[in-house]
Amino acid sequence: MTFNNIFKSDFLENITSISVFDMVLAMVLSFGIGLFIFLIYKKTFAGVMYSSSFGVTLVAITMISTFVILAVTSNVVLSLGMVGALSIVRFRTAIKEPLDIAFLFWAIAAGIVLASGMIPLAVFGSVIIGIVLLVFANKKTHLNPYIVVLRCENHDSELAAVDFLKEQVKKCVVKSKTAQKGSIELTLEIRMKEDNTDFINTLSELHGVNSAVLVSYNGEYMG
């Protein structure tokens, strides 16, 4: 087979079935939607350590999904080979935050829908998803549960500390209690009334209270 036969084959004709303008438009829009997903992720992130590389990955996944689907829709033979190639891909990076999975699926879905030609659905769907995530993920800080660890000298100081804590917070529930000779350790789950945490300073200065520790709790909570 000569180069002349190759250039005359249907292979290149199928590749050029999508115009250059459509390719450029799809990639530019995928970059814009990926950047929007990245900004929403950055705005709604509530984990311990923010990873900028994951945000860049969201933009890249959106663009990669777009040009892969463009290639698949333009050539049937290429689509079969792409399925076989992607079947051997394995992702071994652990997802620490459950919400990160939603962002990954969002980026992939946006790229697929955009490359399929449904541009309004990709744009408006991404906007709606972004608004929903902003509303539900950006909860006020004082509404989140916190853990208070108290160390008291005796039973009387324990009662005084718990009564003071119940007056300062919206909700207070004892989760665990460890009693030793001359020392009592309490673990309590609280819901604060506001963002002010000065009550911990006052609590630590009560008579019989050796220490008071306030810890943000990001685990699952029902109630």
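Residues numbered from 1 in each chain as written. Predicted model: local features only at pLDDT ≥ 70, side-chain atom pairs only at ≥ 80, totals over all residues. Heavy atoms only, no water.

**Student:** Even after reading the chapter, I still don't get the overall build of the protein, so can you show me in this structure?
**Tutor:** Helices and strands together make up the secondary structure of the protein, namely 9 helices and 4 strands. Buried residues in the protein amount to 30% of all 223 residues. Here the analysis covers contacts within the protein between residues at least 6 apart in sequence; of these, 72% occur between residues at least 24 apart. Split by element, the accessible area of the protein, about 14,600 Å² in all, is 65% carbon and sulfur. (Helix = DSSP H or I, 4+ residues; strand = E, 2+ residues; numbered from the N terminus. Buried < 20%, exposed > 50% of the residue type's maximum accessible area, 1.4 Å probe, protein only. Contact = heavy atoms within 4.5 Å. Areas by Shrake-Rupley, 256 points an atom, 1.4 Å probe, with all protein chains shown as cover.)

**Student:** Looking at this structure, how should I read the nonpolar core?
**Tutor:** Nonpolar side chains tend to gather and get buried jointly when the protein is soluble and globular. The biggest cluster of nonpolar side chains holds 20 residues, and the ones touching the most others in it are Val148, Leu150, Leu165, Leu188, Ile190, Phe199 and Leu203. Residue assignment for this core shows that the elements contributing at least two residues are strand S1 (145-152), helix H8 (155-168), strand S2 (169-180), strand S3 (183-192), helix H9 (199-204) and strand S4 (209-216). Considering each element in turn, this core owes the most residues, 5 residues, to S3. (Core = buried A, V, L, I, M, F, W, Y, C linked by side-chain atoms within 4.5 Å.)

**Student:** What am I meant to see in the packing of helix H3 (residues 20-44) against helix H7 (residues 119-137) here?
**Tutor:** For any two helices packed against each other, the geometry comes down to the angle between their axes and how far apart the axes lie. Packing of H3 against H7 leaves a shortest axis separation of 10 Å and a crossing angle of 5°. When the interaxial angle is binned, H3 and H7 end up roughly parallel. The residues of H7 that touch H3, namely those facing Leu25, Leu29, Ile33, Phe36, Ile40, Lys43 and Thr44, are Ile119, Ala122, Val123, Ser126, Val127, Gly130, Leu133, Leu134 and Ala137. When the residues that make up the contact of H3 with H7 are grouped by side-chain class, the tally is 12 nonpolar, 3 polar and 1 charged. (Axes fitted to C-alpha atoms, helices over the stretch in contact; angles between N-to-C directions. Parallel < 35°, antiparallel > 145°, perpendicular 65-115°, else oblique. Nonpolar A, V, L, I, M, F, W, Y, C, P; charged D, E, K, R; others polar.)

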